Amino acid sequence: ILYMVFTFSKFVYKDLEEKRMVYIDRVTHEVLDCGKSYRVNNCEEEERLPALEEFCTSLEGCLRRDPWAEAVRSKILMTIFAENVNTFFDTLTLRAFACIALFLLICRLLLRWIR
């Protein structure tokens, strides 16, 4: 049992790190795209047009993002959990739900009858 727990935790950790690196890469690319837009639109303080003030300010906020700080493990872990639960329930049909409900009902009735 200890081996199974260790193996399961190792797989969860590996999956978590892979998702975290994908998230970090995505945020890094978004920051690079913001930098490119910042330069293309001349958002430097000396060259900034008044009409682009709000847009340039949002790009500055984008440039200050830290991909490593945003990749919080608990957030990614909950995303992985939600994806797995959704995948599990998407594959179940109405017939499978009925069988599970019937099984649980029978188990409950048997437990009540045993007491």
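Position numbers for residues start from 1 in each chain and track the written sequence from start to end. The predicted origin of the model limits local features to residues at a pLDDT of at least 70 and limits the giving and counting of side-chain atom pairs to 80 or more, whereas totals for whole chains, interfaces and linings rest on all residues. Values shown for side chains rest on all heavy atoms present in the structure; no hydrogens or waters enter the calculation.

Chemist: Can you walk me through the state of the cysteines in this structure?
Modeler: Put plainly, two cysteines are in a disulfide when a covalent bond ties their sulfur atoms together. Sulfur atoms of two cysteines make up a disulfide when they are within 2.5 Å. In total, this model carries two disulfides according to the counting rule given. In this model, C34 is linked to C62 through a disulfide, with the two sulfur atoms separated by 1.9 Å. Across the S-S bond of C34 and C62 the torsion is about 80 degrees, and the bridge reads as right-handed. Of this pair, C34 sits in helix α1 (residues 2-40) while C62 is found in helix α2 (residues 53-63), placing the two residues 28 residues apart along the sequence. Secondary structure is summarised from DSSP: a helix means a run of H or I of at least four residues, a strand means a run of E of at least two, and numbering begins at the N terminus for each.

Chemist: In this structure, what is going on with the confidence of the model for the chain? I would like to understand it.
Modeler: Regions with low pLDDT carry predicted coordinates that are not meant to be interpreted in detail. With 100% of its residues at a pLDDT of at least 70, the chain reaches an overall mean of 86. Per-residue pLDDT, averaged within each element of the chain, yields its smallest value for helix α4 (residues 73-91) (78) and its largest for α2 (92). Per-residue confidence from the predictor is reported as pLDDT, which spans 0 to 100.

Chemist: Whenever I open this one, the layout of surface pockets confuses me. Can you help?
Modeler: Summary: where empty space remains is shown by rolling a probe the size of a single water molecule over the atoms. Within this scheme a cavity is a closed region of a 1 Å grid, computed over the protein atoms alone, that accommodates a 1.4 Å probe without allowing it to escape, whereas a pocket is open but has protein on both sides within 12 Å along at least five of seven lines; lining residues each have an atom within 4 Å of a point. Grid points are joined across faces, edges and corners, and a volume is the space filled by probe spheres set on the points. In this structure, the largest pocket spans a volume of roughly 160 Å³. Taken together, F8, F11, V12, D15, L77, M78, I80, F81 and N84 form the lining of the largest pocket. For the lining of the largest pocket, the secondary structure elements donating two or more residues are α1 and α4. Sorting elements by how many residues they give to the lining of the largest pocket places α4 first, with five residues. When residue character is reported, Ala, Val, Leu, Ile, Met, Phe, Trp, Tyr, Cys and Pro are called nonpolar, Asp, Glu, Lys and Arg charged, and the others, Gly included, polar. Along the lines of polarity and charge, the residues of the lining of the largest pocket split into seven nonpolar, one polar and one charged.

Chemist: Would you mind showing me how to read unusual backbone geometry here?
Modeler: It is generally the case that most residues other than glycine have a negative phi and that most peptide bonds are trans. Even without a glycine there, the phi angle at N42 is positive, about 50 degrees. As for its position among the elements, N42 is in the loop between α1 and α2. To sort residues, take the accessible area from a 1.4 Å probe on protein chains only and compare it with the maximum for the residue type: under 20% means buried, over 50% means exposed, and anything in between is partly exposed. Judged by its relative accessible area of 37%, N42 falls in the partly exposed class.

Chemist: Quick question: what am I supposed to make of the nonpolar core here?
Modeler: One broad rule of soluble globular proteins: the nonpolar side chains tend to lie buried together. Within the largest apolar cluster, eight residues are counted, these being L16, Y23, I24, V27, V31, A71, I76 and I80. Listed by contribution, the elements that provide at least two residues to this core are α1 and α4. With five residues, the single largest contributor to this core is α1. If near-sequence neighbours (up to four positions away) are discounted, I24 is found in contact with P67, W68 and A71. Nonpolar core, defined: a set of buried Ala, Val, Leu, Ile, Met, Phe, Trp, Tyr and Cys residues in which side-chain atoms within 4.5 Å join the residues together. Here, two residues are considered to be in contact whenever any of their heavy atoms come within 4.5 Å of each other.

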